[in-house]
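Per-entry structural report
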Amino acid sequence: MDKTAPHPLFKLATELGPLLVFFAANAKFNLFVATGAFMVAIVAALIASYVVVRHVPIMAIVSGVVVLVFGTLTLVLHDETFIKIKPTIIYSLFGLILGGGLLFNRSLIAVMFDQMFNLTPRGWRLLTIRWALFFFAMAILNEVIWRTQSTDFWVAFKAFGVTPITAVFAMIQFPLINRHAQPPASAGAADTERGNVREG
């Protein structure tokens, strides 16, 4: 199915919108109301992404499924622990997927992030390692924060801390991307390029 590149503001809205809903609902009510609102907002963002650009990123789908599963556990069991460990599960899962792919000589980061650039096999490998380590570090950070800080602090960090940290880390990767960039593959060479990424 054809997909179009989303407008940056639309992409930002679908990514930050649910987090802002989560923060606002927690501030006005409590974590359980915020969890329910967050689940609804996540589903709405996924639907909006598909309707507008006819495509939903793999990371967004995986994150959405985990949110719905752990959000449901939080509400049914009335235990906020489940929604708090949700980021740990997501980050660990992404880290394991990327790290596991490398064990089988597969660089999965291009698929995970819907990358629009082409890198050498070594470039893909290095970028994959960096992102895998980043996800594991974020999983540890989430555990430290929710276990040592108040619920309000954890919610604020999730809403306003995670995105800047991720954005800064992503920007730091641009020198590596530029060093290992390759010219865009032609249509006839697309299959060959994908094979090179896998071999990397």
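Rules used throughout
Residues numbered from 1 in each chain as written. Predicted model: local features only at pLDDT ≥ 70, side-chain atom pairs only at ≥ 80, totals over all residues. Heavy atoms only, no water. Phe/Tyr/Trp six-rings, centres within 6.5 Å; stacked < 30°, edge-to-face > 60°. Lys NZ or Arg CZ within 6 Å of the ring centre and 35° of its normal. pLDDT = per-residue confidence, 0-100. Contact = heavy atoms within 4.5 Å. Patch = residues over 30% accessible without salt bridge, like charges linked within 9 Å, V, L, I, M, F, W, Y side chains within 5 Å. Areas by Shrake-Rupley, 256 points an atom, 1.4 Å probe, with all protein chains shown as cover. Salt bridge = Lys/Arg side-chain N within 4 Å of Asp/Glu carboxyl O. Lys, Arg positive; Asp, Glu negative; His and termini not counted. Charge placed at Lys NZ, Arg CZ, Asp CG, Glu CD. Helix = DSSP H or I, 4+ residues; strand = E, 2+ residues; numbered from the N terminus. Buried < 20%, exposed > 50% of the residue type's maximum accessible area, 1.4 Å probe, protein only. Polar contact = N/O pair within 3.5 Å; in protein donor to acceptor, adjacent residues only side chain to side chain. Core = buried A, V, L, I, M, F, W, Y, C linked by side-chain atoms within 4.5 Å. Expected span 1.5 Å × (residues − 1). Axes fitted to C-alpha atoms, helices over the stretch in contact; angles between N-to-C directions. Left-handed = near helix turned anticlockwise from the far one by under 90°. Nonpolar A, V, L, I, M, F, W, Y, C, P; charged D, E, K, R; others polar.

This paragraph deals with the packing of aromatic side chains. Inspection of the entire model under this criterion finds ten aromatic pairs. Site record: aromatic cluster; members linked through ring pairs are Y91, F94, W131, F134, F135 and F169. A cation over an aromatic ring shows up here: K28 above the ring of F29, its NZ or CZ 5.8 Å from the ring centre.

Regions with low pLDDT carry predicted coordinates that are not meant to be interpreted in detail. Mean pLDDT over the protein stands at 86; residues scoring 70 or higher make up 86%. Contacts of residues 186-200 to residues separated by more than four positions or lying in other chains number 15 contacts, the stretch itself having pLDDT below 50.

Another point: a positive patch on the surface. On the surface, R122, R125, R130 and R179 cluster together into a patch of positive charge. With respect to the helices, strands and loops of the structure, R125 is situated in helix α6 (residues 121-148). Using a relative accessible area of 33% as the deciding quantity, one classes R125 as partly exposed.

Our next topic: the side chain of T35. Summarising the element assignment, T35 is placed in helix α2 (residues 31-53). A polar atom in the side chain of T35 sits 2.8 Å from the backbone oxygen of L31.

Further remarks concern the nonpolar core. In a soluble, globular protein the nonpolar side chains are often hidden away together inside. The biggest cluster of nonpolar side chains holds 38 residues, and the ones touching the most others in it are F22, L98, L127, W131, F135 and W154. Looking at which element gives the most residues to this core, the answer is α6, with ten residues. Setting aside residues up to four positions removed in sequence, L98 forms contacts with L108, I109, M112, T128, W131, A132 and F135.

As a further point, take the environment of V69. In this fold, V69 is placed in helix α3 (residues 58-77). According to the relative accessible area criterion, V69 is partly exposed, its value standing at 43%.

Quick look at unusual backbone geometry now. Here R54, not a glycine, exhibits a phi torsion of approximately 60°, which is positive. Positionally, R54 belongs in the loop between α2 and α3. Residue R54 is classed as partly exposed on the basis of its relative accessible area of 39%. For N105, which is not a glycine, the phi torsion comes out positive at approximately 55°. With respect to the helices and strands, the residue N105 is situated in the loop between α4 (81-103) and α5 (109-113).

Time to look at α3. Compared with an ideal rise of 1.5 Å per residue, which puts 20 residues at 28 Å, α3 spans 29 Å between its outermost C-alpha atoms and is within 8% of the ideal. Among the residues of α3, M59, G64, V66, V67, F70, G71 and T74 are the ones counted as buried. At the exit of α3 stands H78, carrying a positive phi of roughly 50°.

Let us now look at the pattern of salt bridges. A side chain of one charge can pair with a side chain of the opposite charge when the charged atoms of the two come close. On inspection of all chains with the given rule, the structure shows two salt bridges. In this structure, E80 engages K84 in a salt bridge whose closest nitrogen and oxygen atoms are separated by 2.8 Å. Assessed through its relative accessible area of 27%, E80 is described here as partly exposed. On the basis of relative accessibility, which here comes to 5%, the residue K84 falls in the buried class. R147 is the partner of E143 in a salt bridge, and the nearest nitrogen-oxygen pair spans 2.7 Å. A residue pair is termed a helical-turn pair when its members lie 3 or 4 positions apart in one helix, as E143 and R147 do in helix α6 at four residues. Take E143: its relative accessible area is 18%, and that puts it in the buried class.

Right, let's talk about the packing of α4 against helix α7 (residues 151-160) for a bit. Running from N to C, α4 and α7 cross one another at 35°; their axes reach a closest spacing of 12 Å. Classified by chirality, the crossing of α7 by α4 is left-handed. Seen from α4, the contacting residues are I83, K84, K86 and P87; seen from α7, they are T151, W154 and K158. Here the residues of the contact of α4 with α7 are counted per class, giving three nonpolar, one polar and three charged.

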